[in-house]
Amino acid sequence: MRIPNLVAAVAAVVALTASAALADPLPSWKQTETKTAIVAFVEGVTQPDGTDYVDPARRIAVFDNDGTLWAEQPAYFQLLFAVDRVAAMAKEDPGIAKTPALKAAAAQDFPALLETGMEGLLEVVAAAHSGMDVAGFRKQVALWLEEARHAKTGMRYDEMVYQPMLELLSYLRDKDFKTYIVSGGGVHFMRVFAEETYGIPPEQVIGTTGETSYQIVAGQPTIMKEPGIAFLDDKEGKPIAIDRAIGRRPTFAAGNSDGDLQMLQWTTAGDGPRFALLVHHTDAEREWAYDRTSHIGKLDKALDEANAKGWTVVDMKTDWKVVFPSEP
């Protein structure tokens, strides 16, 4: 009798384990306090009989992009696109490299480009992002994503997305959250890949907007991209952009740097249950390790506030089984 009972017990355990694995909405997250906190919050706000229940219309989740949904080292990927674009333009017309910043970009000399400061970086972005219509720009970005490869990983840039965050996005949508990107990246740049990569449609992508104009070109109504920044969606700009574009205070917000601090403050200051998540880059082996002194994705004040206010901080090395989807 013991053997059949033992077989039945083992079979039951295996069945329960398999069922739990299939039911796990976040399989690439290790079973740590971070995952427990996320699941507890989401399940709490979606239980109709629970005290923390949030109506589906108010289930708004906002995510930064650079460093939160995909990698951002050694420089923001949109800046790498701009440098590659200026370098290609300079091959066709060497005369465009008239300033130190444009000369550095044409030579793909990043140390020299960084020495030109923010003014030089904006000059390069303006040169790469203007003088064409939105449709033409989208084609340039799509072509770059097809052809460009990251110098360290050899991967396409849109492959360097975080598998655990892709699962989190899907989990939230399965629970009737509406997911948005709220990023300092250019809105036209991100809309090229956001829907296919993240499942976030163009109308739910909020980002920095450049100057544009409406023109009739060859008899066709056209939106042209012009030099200059119309709105910078970073730091205090993020809550402003959320208010303008969404009209509701989010219940869930995720970021990774001081540029996301105000978005997390705005989210958690609302009434009722709220959740703030910070991705802390701690894994130098599988990705990069950086925080308080980084020139990209600096995480200093936001980390202090997260610790003081009890926000959830993702330790990439400790909390994630894998980083990129290509990992086994």
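Scroll up for the structure.
Notes on the structure follow. Remember, predicted model here, so these are calculated numbers, not experimental data.

## Observations regarding the packing of aromatic side chains
Next, step 1: All chains considered together, the criterion is met by 17 aromatic pairs.
Next, step 2: Judged by centre distance (5.8 Å) and plane angle (85 degrees), the ring pair of Phe81 and Phe137 falls under edge-to-face. Separated by 56 residues along the polypeptide, Phe81 in helix H3 (residues 77–92) and Phe137 in helix H7 (residues 134–147) bring together distant segments of the chain.
Next, step 3: Among the residues examined, Phe137 registers a relative accessible area of 0% and is labelled buried.
Next, step 4: Judged by centre distance (5.6 Å) and plane angle (45 degrees), the ring pair of Phe81 and Phe189 falls under tilted. A residue pair is termed long-range when its members are at least 10 positions apart, and Phe81 in helix H3 and Phe189 in helix H9 (residues 187–190) qualify at 108 residues. Here Phe81 and Phe189 have matching classes, each one buried.
Next, step 5: Ring-pair connections join several aromatic residues into one group, and the members of that group are Trp70, Phe77, Phe81, Phe137, Trp144, Tyr157, Phe189, Phe193 and Tyr198.

## Section: a nonpolar patch on the surface
Next, step 1: A surface patch of nonpolar side chains, amounting to about 400 Å² of accessible area, comprises Met118, Leu122, Ile229 and Leu232.
Next, step 2: Within the fold, Leu232 resides in the loop between strand S5 (220–231) and helix H11 (237–245).

## Examining the nonpolar core
Next, step 1: Core analysis: the largest hydrophobic core is formed by 68 residues, its most contacted members being Phe63, Met165, Leu168, Tyr198 and Phe252.
Next, step 2: At seven residues, H3 tops the list of elements feeding residues into this core.
Next, step 3: Once residues within four sequence positions are removed from consideration, Met165 is found in contact with Trp29, Phe63, Thr68, Leu69, Ala254, Leu277, Val279 and Trp320.
Next, step 4: Formed by 20 residues, the second largest nonpolar core is a distinct cluster that contains Val62, Val182, Met263 and Leu299.

The rules behind the values
Residues numbered from 1 in each chain as written. Predicted model: local features only at pLDDT ≥ 70, side-chain atom pairs only at ≥ 80, totals over all residues. Heavy atoms only, no water. Phe/Tyr/Trp six-rings, centres within 6.5 Å; stacked < 30°, edge-to-face > 60°. Helix = DSSP H or I, 4+ residues; strand = E, 2+ residues; numbered from the N terminus. Buried < 20%, exposed > 50% of the residue type's maximum accessible area, 1.4 Å probe, protein only. Patch = residues over 30% accessible without salt bridge, like charges linked within 9 Å, V, L, I, M, F, W, Y side chains within 5 Å. Areas by Shrake-Rupley, 256 points an atom, 1.4 Å probe, with all protein chains shown as cover. Salt bridge = Lys/Arg side-chain N within 4 Å of Asp/Glu carboxyl O. Core = buried A, V, L, I, M, F, W, Y, C linked by side-chain atoms within 4.5 Å. Contact = heavy atoms within 4.5 Å.

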